[in-house]
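Tertiary structure, described
These are the residues of each chain, in order.
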Amino acid sequence: MTDDTRRGLPAPPPLGAAALPPGTYAGQVVLVTGGGTGLGKAIAAEFARLGADLVIASRRAEQLAAARDELAAVPGAGRVTAALCDIRDPERVADVFDAAEAAFGLPDVLVNNAAANFPSPAEDLSPNAWRAVVDITLTGTWFMTREFGRRHLAARTPGSIVNIGASYAWTGGPGFAHSAAAKAGVKNLVETLAVEWGPYGIQVNGLVPGLFPHADMTGDIRGGLDRAAPDAKDGRQPALRVGEPRELGWAATFLASPYARFVTGHTLVVDGANWQRRALVNPEVVPVREQLGRGPFGDRP
């Protein structure tokens, strides 16, 4: 029997609404990695709406140019510039901060959104595949964070860092051993650096997105969602709906804002409680290889 009283969580305010007072970030510089696409661009848009001067960084020039123009057109936006950067290279990271300072000044806020991911059974991961994900997701985040922290420590100025994480930093991530390990490291950086740098006025927080479908999702991730629930994504969430990208942007702008100055070392999960759901009776175990449609390990076609 179906419970027809279920309504789920209400829809958010419309796109264009702001969670904070207009101009909250006027005169502030915000640097967003992976800001040319997807959730990174959605986060950057909410900072822009509140008056921030934006620096978006990515490895792909064509995506950056399009995103720069789109973000500059957001009502209330400050200035917007784009910087090519491979965050795995500490010299390129330093170049991005130099460019940001030359254009607008030292970034007041850093959003570490850039990451890499794809599903794979752990035993199939090559050394290069492991390094590619860990080097971008964890090491790249560290290089950006380190550069931001060192510059603010030298300038004796406060700052705020928001690291985009994942709920499998707590739970483990079958099918995503490389990404789960890296995101666990990112979460630990939040907790470690909040204590180390708090005395100097630098906040460090984490932000974990749930299911926020968007046009820039990778084929692997979108394919996994379609295999799991091609027509029932909303019904598989306790909220009975998926997230809207602007909701993640609102959370990011709050964590880095003057209204959250006493919040540091915290990781906020924005997923409608999906990561906490449990069934009364566990479903049958389906090995990751089978979920991904792969034959037994070692079999040759």
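Up top is the structure these notes are about.
A brief report on the enclosed structure follows. As the structure is a prediction and not an experimental result, all values here were calculated from the model.

Attention shifts here to the packing of helix α1 (residues 38-49) against helix α8 (residues 245-255). Two elements in contact, α1 and α8, have axes whose closest approach is 8 Å; the angle formed by their N-to-C orientations is 55 degrees. Judged by the angle between their axes, α1 and α8 are oblique. Crossing handedness for the pair α1 and α8: right-handed. Residues Leu-39, Ala-42, Ile-43, Glu-46 and Phe-47 of α1 form the contact with α8, whose own contacting residues are Pro-245, Arg-246, Leu-248, Gly-249, Trp-250, Ala-252 and Thr-253. A breakdown of the residues in the contact of α1 with α8 according to their chemical character gives eight nonpolar, two polar and two charged.

On to empty space enclosed by the protein, then. A full pass over the atoms with the stated rule returns one cavity of 30 Å³ or more. If you add up the space inside the largest cavity, you get close to 50 Å³. Lining the largest cavity are Asn-163, Gly-165, Ala-166, Ala-169, Lys-183, Val-186, Lys-187, Val-190, Gly-206, Val-208 and Thr-267. Broken down by secondary-structure element, the contributors of at least two residues to the lining of the largest cavity are α6 (177-197) and β6 (202-209). Taken together, the residues of the lining of the largest cavity sort by class into five nonpolar, four polar and two charged.

Two elements in contact, helix α3 (residues 90-103) and helix α4 (residues 127-155), have axes whose closest approach is 9 Å; the angle formed by their N-to-C orientations is 45 degrees. Taken as axis vectors, α3 and α4 run oblique relative to one another. The two elements α3 and α4 meet at a crossing, and its hand is right-handed. Between α3, through Pro-90, Val-93, Ala-94, Phe-97, Asp-98 and Glu-101, and α4, the contact on the second element is made entirely by Phe-143, Met-144, Glu-147, Phe-148 and Arg-151. When its residues are assigned to classes, the contact of α3 with α4 shows seven nonpolar, no polar and four charged.

So, about the pairing of strand β2 (residues 53-58). Within β2, six of the six residues are buried, which leaves it mostly tucked inside the rest of the structure. Side chains Asp-53, Val-55 and Ala-57 project from β2 onto one buried face, and the interleaved Leu-54, Ile-56 and Ser-58 project onto a second face that is buried too. Across five bridges, the pairing between strand β1 (residues 29-33) and β2 is parallel. Each bridged residue has a counterpart across the sheet, and for Val-30 the counterpart in β2 is Leu-54. Once you follow β1 into α1 and on to β2, the crossover reads as right-handed.

Put simply, the second largest pocket is a space of about 320 Å³. Together, 16 residues line the second largest pocket, and Leu-15, Ala-42, Ala-45, Arg-49 and Glu-70 are the ones closest to its centre. When residues of the lining of the second largest pocket are traced back to their parent elements, those giving at least two are α1, α2 (61-72) and α8. For the lining of the second largest pocket, the element with the highest residue contribution is α1, accounting for seven residues. Its residues assigned to classes, the lining of the second largest pocket comprises seven nonpolar, three polar and six charged.

This brings us to the packing of aromatic side chains. For the structure shown, the criterion picks out three aromatic pairs. Here the aromatic rings of Tyr-25 and Phe-47 are separated by 4.9 Å at their centres, their planes lie at 70 degrees, and the arrangement is edge-to-face. On the criterion of sequence distance, the pair formed by Tyr-25 in the segment before β1 and Phe-47 in helix α1 is long-range, its members being 22 residues apart. Like Phe-47, Tyr-25 is buried.

This paragraph deals with α8. Taking burial as the measure, the eleven residues of α8 include ten buried ones, the bulk of the element. Burial in α8 covers these residues: Pro-245, Arg-246, Glu-247, Leu-248, Gly-249, Trp-250, Ala-251, Ala-252, Thr-253 and Leu-255. In this structure, the buried residues of α8 make contact with α1, β5 (159-164), β6 and β7 (267-270).

The next subject is the environment of Thr-145. Topologically, Thr-145 is positioned in helix α4. Separated by 111 residues in the primary sequence, Thr-145 and Gly-34 place their C-alpha atoms 14 Å from one another.

Here is what the cut-offs are and how they apply
- Residues numbered from 1 in each chain as written.
- Predicted model: local features only at pLDDT ≥ 70, side-chain atom pairs only at ≥ 80, totals over all residues.
- Heavy atoms only, no water.
- Axes fitted to C-alpha atoms, helices over the stretch in contact; angles between N-to-C directions.
- Helix = DSSP H or I, 4+ residues; strand = E, 2+ residues; numbered from the N terminus.
- Parallel < 35°, antiparallel > 145°, perpendicular 65-115°, else oblique.
- Left-handed = near helix turned anticlockwise from the far one by under 90°.
- Contact = heavy atoms within 4.5 Å.
- Nonpolar A, V, L, I, M, F, W, Y, C, P; charged D, E, K, R; others polar.
- 1 Å grid on protein atoms, 1.4 Å probe; cavity = no way out; pocket = protein on both sides within 12 Å on 5 of 7 lines; lining within 4 Å.
- Points joined across faces, edges and corners; volume = space filled by probe spheres on them.
- Buried < 20%, exposed > 50% of the residue type's maximum accessible area, 1.4 Å probe, protein only.
- Pairing = 2+ DSSP bridges.
- Right-handed = clockwise from strand over helix to strand, strands pointing away.
- Phe/Tyr/Trp six-rings, centres within 6.5 Å; stacked < 30°, edge-to-face > 60°.

So yeah, pure geometry; function would need other evidence.
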